[in-house]
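# A closer look at the structure
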Amino acid sequence: MRDLTRDHQRRRELENAVFEAPASTRVLTVANQKGGVGKTSTAVNLAVALAQGGLQVLVVDVDPQGNASTALGIDHHADVPSMYEVLVESLPMAEVVQTSPESENLLCAPATIDLSGAEIELVSMVARENRLRGAIRDLLAEREKAGARLDYVIIDCPPSLGLLTVNALVAAREVLIPIQAEYYALEGLTLLLKNIELMRQHLNPDLVVSTILLTMYDARTRLAAQVAEDVRAHFPEQTLEVTIPRSVRISEAPSYGQSVLTYDANSSGALAYRAAALELTRRPVP
Ligand code: ADP
Ligand code: MG
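Residues numbered from 1 in each chain as written. Chains lettered and ligands numbered in written order. Predicted model: local features only at pLDDT ≥ 70, side-chain atom pairs only at ≥ 80, totals over all residues. Heavy atoms only, no water.

### Focus: the side chain of Asp61
Filter applied, for reference: The numbering of helices and of strands both runs from the N terminus, where a helix is a DSSP run of H or I of at least 4 residues and a strand a run of E of at least 2. Remark: exposure states derive from per-residue accessible area (1.4 Å probe, protein chains only) relative to the maximum for the residue type, with buried under 20%, exposed over 50%, and partly exposed in between. Under the counting rule used here, the positive set is Lys and Arg, the negative set is Asp and Glu, and His together with the chain ends is not counted. In the sections that follow, a salt bridge refers to a side-chain nitrogen of Lys or Arg positioned within 4 Å of a carboxyl oxygen of Asp or Glu. Two residues form a contact once any of their heavy atoms are found within 4.5 Å.
Within the element layout of this structure, Asp61 appears in strand β2 (residues 57–61). This buried residue, Asp61, is left without a salt bridge; Lys39 holds the nearest opposite charge, at 11 Å. Residues in contact with Asp61, not counting those within four places in the same chain, are Gly66, Asn67, Ala68, Ser69, Met83, Ala109, Pro110, Ala111, Leu115 and Asp156.

Structure below.
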């Protein structure tokens, strides 16, 4: 009952909501070295919500599994030019981006299975940590010049702290950490935060953890409430008010090559991601 009231309220708020464009392009990396915490679902659904809100959005898929590409309905079989060619062969990103059927405002730079080799191939390359940063910077400059500025770039990472994730953390200014509200999640976070601190010291002094989003939140369990309380106590500034509920719709959508926003626009999961996206645009950029 409480959920229904919340959804009803949310739907009304979102009906008239205006998604303001940021003063300059925001580049966010969605990171958490733990798999299955909702990184890809978060990257995809926030991106679609922002694009549906009228903003110009690019999703960069650097997970060799290509789950974000799949969910956005983007062709990413082995022959498609992808982030592999961008990172390893210096192909301009403009040549790999595709428009997602989810929204004409939404671009995706896909990942193919080739990317699994990039982790190793990058090791011996010059400025191996800066490849993605350079590629995104070139694309953004080109778009600005053409009068087609991007508002948000959202990078989806693999569940590891290897060179692909390092590239993503060097390319972004903001880190968005999804936390699954079902485990004592803070313990797992220590390693990620330590790595982000190393990035700041050596490779990307501007990097900040700007946003934390609680995912798979089941309001009926005490554990979820406890995790949320702990996370908010540690990260009061960063943690979004909106939490993403555990929802079957969210997990079903990708197998239809869709975001939950198009798969079931009025589901709790879709409303929550739209509300989270709106909150993201409204909070001050640190
Ligand atoms: P990651 O990218 O961190 O590995 P995913 O976004 O792929 O995580 O999510 C892991 C699994 O959990 C996927 O099967 C996904 O569909 C499912 N999932 C993600 N978020 C939710 C949610 N809020 N409710 C239910 N299932 C979810
Ligand atoms: Mg993923």
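After that view of the structure, there is still more to cover.
### So, the site of ligand 1
The condition that has to hold: We define proximity as follows: a residue is near a molecule or strand when any one of its heavy atoms falls within 4 Å of that partner. By the criterion applied in these results, polar contacts are pairs of N or O atoms within 3.5 Å in which, for protein atoms, one can donate a hydrogen and the other can accept it, and in which residues neighboring in sequence qualify only through two side-chain atoms. A 1.4 Å probe and the Shrake-Rupley method give the accessible areas. Residues count as covered only by the protein chains that appear here. Residue classes follow a fixed rule: Ala, Val, Leu, Ile, Met, Phe, Trp, Tyr, Cys and Pro count as nonpolar, while Asp, Glu, Lys and Arg count as charged, and any other residue, Gly among them, counts as polar.
Surrounding ligand 1, one finds 14 residues, the nearest of these being Gly36, Thr40, Ser41, Pro245 and Ser247. Residue Val37 places a main-chain N or O atom 3.1 Å away from an oxygen atom belonging to ligand 1. In isolation ligand 1 exposes 550 Å². Once the protein is present, 79% of that is buried. Of all elements in the fold, only α2 (39–52) and α10 (248–252) reach the threshold of two or more residues within the shell around ligand 1. Residue contributions to the shell around ligand 1 peak at 3 residues, all from α2. Classifying every residue of the shell around ligand 1 gives 5 nonpolar, 7 polar and 2 charged.

### Quick word on the environment of Ser116
When you line up the elements, Ser116 lands in helix α5 (residues 115–121). For the pair Ser116 and Val62, spaced 54 residues apart in the sequence, the C-alpha separation amounts to 9.4 Å.

### Some details on the packing of helix α1 (residues 2–15) against helix α12 (residues 268–282)
The following threshold applies: Think of each axis as a best-fit line through the C-alpha atoms, taken over the contacting stretch in the case of a helix, with angles from 0 to 180 degrees between the N-to-C directions. Should an angle lie under 35 degrees it is considered roughly parallel, over 145 roughly antiparallel, and from 65 to 115 roughly perpendicular; all remaining angles are considered oblique. A clockwise turn of the near helix away from the far one marks a right-handed crossing, whereas an anticlockwise turn of less than a right angle marks a left-handed crossing.
Packing of α1 against α12 leaves a shortest axis separation of 10 Å and a crossing angle of 50°. Relative to α12, the element α1 is oriented oblique. α1 and α12 meet at a crossing whose hand is left-handed. Along its contact with α1, which presents Arg6, Asp7, Arg10, Arg11 and Leu14, the element α12 presents Ser268, Leu271, Ala272, Arg274, Ala275 and Leu278.

Note that all results are geometric; they support no functional claim without further evidence.
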